[in-house]
Protein chains: 2
Amino acid sequence: MRRQTAVVGILGGMGPAAGADFLRLFVDACAARLQHDGHTVNDQAFPEHWLAQLPIPDRTHALQDTSPGTHQPLEPMLQAVGRLAALGVRHLAIACNTAHAWHTAIQERFPRIDVLHIAQEVALVLSAGGTVRAGLLATEGTYSSGIYQKALADTGLVCHIPLEAERSALMHGIYKGVKAGDLKLANRQFQEVASALIDRHALDVLVLGCTEIPLALRELEKHPQVQLIDPTQVLAQALADKALGACSD
Amino acid sequence: MRRQTAVVGILGGMGPAAGADFLRLFVDACAARLQHDGHTVNDQAFPEHWLAQLPIPDRTHALQDTSPGTHQPLEPMLQAVGRLAALGVRHLAIACNTAHAWHTAIQERFPRIDVLHIAQEVALVLSAGGTVRAGLLATEGTYSSGIYQKALADTGLVCHIPLEAERSALMHGIYKGVKAGDLKLANRQFQEVASALIDRHALDVLVLGCTEIPLALRELEKHPQVQLIDPTQVLAQALADKALGACSD
């Protein structure tokens with residue numbers, strides 16, 4: 001029996017390694033969902049999906065510097081989404097947390113596409129799990145856009161963020177670490193900031209709100225009991241659910 | 001300094017997990033190449049690339065059963081390549097060994113796109129490394145299409161293939177193992193056939209000529225000294241070289 005699937009799209013390239021990781025998580029989520037629903041898992045059971053990875057100007061930089069000459073990411077993102085729309089994409093995931101600062105602009109320009117929102121999907125999962133407060137590791141751009149603070153507040157959760165110097169350490173780990181291929185450096189920066197944030201607010205849930213962070217932070221050395229939420233994983237699961245239709249249970 | 005890059009495409013979905021693995025290898029190959037050339041590795045340095053993963057009828061089945069009712073993979077592959085061409089793709093990689101049975105048909109239909117050939121790329125690498133004969137693990141479709149036997153012969157190499165019962169064991173490992181999510185079963189099948197083939201022909205190079213095989217066969221238990229060639233890796237490297245332009249050294 002062939003199920004009705006929807007064509008879905010992934011806007012990546014921010015960075016490309018994170019986009020590749022998102023695709024893997026999406027394919028795994030589809031396979032798990034098909035198995036769970038009792039369907040045979042073969043090539044033809046998967047939903048049609050398209051991934052665009054383009055050079056998109058730095059998101060955090062654009063949010064911090066709004067002077068006229070700054071390269072803005074919105075225009076190339078809109079162009080890529082337009083091309084994905086022309087390919088028949090009905091549901092779209094953006095494989096970058098910071099890029100969600102432009103979520104409203106993208107959704108408004110393409111009202112016929114369902115553009116998933118990474119922070120809203122995370123808030124739903126946290127809320128369903130009974131969490132009342134969580135820490136957030138992210139880029140300066142994601143912090144200043146407030147997408148997680150707002151999405152968590154909208155579902156009644158408190159979002160704790162690191163101090164200014166710690167936020168700089170995270171940026172160093174993301175840009176000089178993950179994006180430049182030095183995962184060891186990145187892990188060291190992420191571990192330190194995570195520990196400080198967890199100790200300060202006695203947290204038991206930490207959201208890794210940048211697609212690059214989970215690539216270098218698989219577990220916490222000092223707080224192995226703290227639950228790590230990977231929004232990339234949550235978004236990939238949500239996109240798989242959209243692609244494969246309503247859940248059967 | 002910004003280098004001139006070419007837009008490249010990946011035709012996947014055969015299966016989707018192999019397509020995701022190919023994408024990861026391609027992104028890694030681009031990063032390694034940029035580093036090697038002394039370029040800064042950041043999001044914007046990567047070439048634009050598009051990945052299409054669509055439900056494409058089984059390739060081996062189509063090669064074995066050419067009766068009128070059989071679902072043929074060529075038509076949906078041509079449609080997908082046409083859409084990738086419209087996106088501006090100049091170089092294309094097909095993330096499935098067996099699908100290369102239709103390489104000539106695809107290349108003829110789209111003469112302005114450079115469609116890479118996985119077996120020819122592997123033959124070049126083997127030849128450059130001084131190899132004179134190699135074993136091939138693949139699907140029945142790939143064996144019967146003869147793409148590797150021909151590509152290796154064209155560069156003066158001998159290609160050894162398993163016996164009929166061993167080829168059935170490989171198919172079982174690919175379809176009931178990797179494609180169905182049982183990597184343990186797959187590994188057992190692949191290890192046994194690999195050992196028999198290596199012993200029979202005293203081989204020291206084995207080509208894993210199906211994108212699903214490397215997902216379940218990372219090393220050989222009985223012959224750790226035998227070199228494993230992953231054509232997916234070779235093709236990803238070749239596509240990265242095309243996307244990033246001529247090598248500087």
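Residues numbered from 1 in each chain as written. Chains lettered and ligands numbered in written order. Predicted model: local features only at pLDDT ≥ 70, side-chain atom pairs only at ≥ 80, totals over all residues. Heavy atoms only, no water.

Let's talk about the relation of the copies chain B and chain A
The following threshold applies: In this comparison the copies share one frame, found by least squares on the C-alpha atoms of residues holding pLDDT of at least 70 in both.
It takes a turn of 180° to lay chain B on chain A, together with a shift of 0.0 Å along the axis; the resulting RMSD is 0.0 Å. In symmetry terms, the pair is related by a two-fold rotation axis. Among all residues of chain B, the one whose C-alpha sits closest to the rotation axis is L51(B), at a distance of 2.5 Å.

Side note on the environment of A52(A)
The following threshold applies: Helix numbers and strand numbers start at the N terminus; a helix is a DSSP run of H or I with at least 4 residues, a strand a run of E with at least 2. Buried residues are those whose accessible area, probed at 1.4 Å on protein chains only, stays under 20% of the maximum for their type, while exposed residues exceed 50% and partly exposed ones sit between those limits. It only takes one pair of heavy atoms within 4.5 Å for two residues to be counted as in contact.
By secondary structure assignment, the location of A52(A) is in strand β2 (residues 49-53). Owing to a relative accessible area of 0%, A52(A) belongs among the buried residues under this scheme. With 30 residues separating them in the primary sequence, A52(A) and G82(A) have C-alpha atoms 11 Å apart. Setting aside residues no more than four positions away along its own chain, A52(A) makes contact with I10(A), L11(A), G12(A), G13(A), L84(A), H49(B) and W50(B).

Description of the interface of chain B and chain A
Cut-off, in case you're wondering: Once two parts are put together, the accessible area they lose, assessed with a 1.4 Å probe and summed over both, is termed the buried area. Here, a salt bridge means any Lys or Arg side-chain nitrogen found within 4 Å of an Asp or Glu carboxyl oxygen. Two N or O atoms count as a polar contact when they lie within 3.5 Å, although within protein this holds only if one can serve as hydrogen donor and the other as acceptor, and sequence-adjacent residues are included solely when both atoms are side-chain atoms.
Listed per partner, the contact involves 35 residues of chain B and 35 residues of chain A. When chain B packs against chain A, the two sides together hide about 2800 Å² of surface, and 59% of this comes from carbon and sulfur. The tally of links between chain B and chain A comes to six salt bridges. Residue R59(A) pairs with D43(B) through a salt bridge whose shortest N-O separation is 2.8 Å. Where chain B meets chain A, there are 13 residue pairs in polar contact (both at pLDDT 80 or more). Among the elements that make up the side of chain B that touches chain A, the one with the highest residue count is helix α1 (residues 16-36) of chain B (seven residues).

Comments concerning the packing of helix α8 (residues 164-177) of chain A against helix α9 (residues 183-201) of chain A
Residue and element names in this part refer to chain A. Cut-off, in case you're wondering: Orientation is described by lines fitted to C-alpha atoms, with helices fitted over the stretch in contact, and by angles between N-to-C directions that extend from 0 to 180 degrees. Angular relationships are summarised with four words: roughly parallel below 35 degrees, roughly antiparallel beyond 145, roughly perpendicular across 65 to 115, and oblique for the angles in between. For a crossing to be left-handed, the near helix must be turned anticlockwise from the far one by less than a right angle; the clockwise case is right-handed.
The geometry of α8 relative to α9 is characterised by a closest axis approach of 8 Å and an angle of 155° between their N-to-C directions. Here α9 runs roughly antiparallel to α8, going by the angle between their axes. Here the hand of the crossing between α8 and α9 comes out left-handed. In this structure, α8 uses E166, A169, L170, H172, G173, I174, K176 and G177 to contact α9, whose residues at the interface are L185, A186, Q189, F190, V193, A196 and R200.

Some details on empty space enclosed by the protein
Just so we agree on the cut-off: A pocket here means an open set of points on a 1 Å grid, computed over the protein atoms alone, that has protein on both sides within 12 Å along at least five of seven lines. A cavity is instead a set of points where a 1.4 Å probe fits but cannot get out; residues with an atom within 4 Å of a point line either one. Grid points are joined across faces, edges and corners, and a volume is the space filled by probe spheres set on the points.
All chains considered together, the criterion is met by three cavities of 30 Å³ or more. Put simply, the largest cavity is a space of about 90 Å³. Contributing to the lining of the largest cavity are 14 residues, with R59(A), C96(A), T98(A), T139(A) and K179(A) lying nearest its centre. Sorting the residues of the lining of the largest cavity by element identifies α2 (59-64) and α8 of chain A as the ones contributing at least two each. Roughly 80 Å³ of internal volume is contained in the second largest cavity. Those elements that provide at least two residues to the lining of the second largest cavity are α2 (59-64) and α8 (164-177) of chain B.

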